[in-house]
Amino acid sequence: MVGMNSIKKFLKWILGLLIINLVVLILITLYSAYYSFGTMIFGVHTAAAIKDFWNTEFITAIPLIIGINLLAISTALFRIYKKKNK
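What you are looking at is a predicted structure, and each value in this text was computed from that prediction instead of being measured. (Residues numbered from 1 in each chain as written. Predicted model: local features only at pLDDT ≥ 70, side-chain atom pairs only at ≥ 80, totals over all residues. Heavy atoms only, no water.)

Visitor: Would you mind going over the overall build of the chain with me for this structure?
Guide: Within the chain, the regular secondary structure consists of two helices and zero strands. In terms of overall dimensions, the chain is more spread out than a globule: its C-alpha atoms have a radius of gyration of 19 Å, far above the 12 Å expected for 86 residues. Taken across its 86 residues, the chain has 16% of its residues classed as buried. Partitioning the intrachain contacts of the chain with sequence separation of at least 6 by distance along the chain shows that 67% fall at a separation of at least 24. Only carbon and sulfur atoms are counted for the fraction: they give 76% of the accessible area of the chain, which is about 7300 Å². (Helix = DSSP H or I, 4+ residues; strand = E, 2+ residues; numbered from the N terminus. Rg over C-alpha atoms; globule rule 2.2 N^0.38 Å. Buried < 20%, exposed > 50% of the residue type's maximum accessible area, 1.4 Å probe, protein only. Contact = heavy atoms within 4.5 Å. Areas by Shrake-Rupley, 256 points an atom, 1.4 Å probe, with all protein chains shown as cover.)

See the structure below:
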């Protein structure tokens, strides 16, 4: 049976991972918005800026979030495996 302490640790880990994902998504969105909508000053149309924003958002956010989550999950699994073999 799983103890309450391990459930609390797991929920704390998931919450931390969600916060990291949220911060990364906010930073990517700010970066994307700055470089996509900043070009409107030089005459780029709004439709092109919005299309560029979403393209940049998807191209950078999806691989980065997948990479961060895979790294966190593989690190957690490695620590569990290492602790069991002690």
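Visitor: Help me out: how do you make sense of the layout of surface pockets in this one?
Guide: To find leftover empty space, a probe the size of one water molecule is rolled over the atoms. In this structure, the largest pocket spans a volume of roughly 480 Å³. As for the largest pocket, its lining consists of 13 residues, and the residues nearest its centre are Lys9, Phe10, Trp13, Ala76 and Ile80. Elements with a minimum of two residues in the lining of the largest pocket: helix H1 (4–37) and helix H2 (46–84). Take the lining of the largest pocket: its biggest share by element is eight residues, from H2. Partitioning the lining of the largest pocket into residue classes produces seven nonpolar, three polar and three charged. (1 Å grid on protein atoms, 1.4 Å probe; cavity = no way out; pocket = protein on both sides within 12 Å on 5 of 7 lines; lining within 4 Å. Points joined across faces, edges and corners; volume = space filled by probe spheres on them. Nonpolar A, V, L, I, M, F, W, Y, C, P; charged D, E, K, R; others polar.)

Visitor: Could you clarify how one ought to interpret H1 in this entry?
Guide: An α-helical segment advances 3.6 residues per turn. Residues three or four places apart therefore align on the same side. The terminal C-alpha atoms of H1, which comprises 34 residues, lie 48 Å apart, in line with the 50 Å expected from a rise of 1.5 Å per residue. Where the residues of H1 are buried, they touch H2. (Expected span 1.5 Å × (residues − 1).)

Visitor: What is the right way to look at the packing of aromatic side chains in this model?
Guide: Where two aromatic rings form a pair, the distance of their centres and the angle of their planes describe that pair. The full count for this structure, using the stated rule, is six aromatic pairs. Look at Tyr34 and Tyr35: their rings are 4.9 Å apart centre to centre, the planes differ by 85 degrees, and that puts the pair in the edge-to-face class. An angle of 70 degrees between the planes, with centres 5.1 Å apart, marks the rings of Phe53 and Trp54 as edge-to-face. For Trp54, a relative accessible area of 43% puts it in the partly exposed group. (Phe/Tyr/Trp six-rings, centres within 6.5 Å; stacked < 30°, edge-to-face > 60°.)

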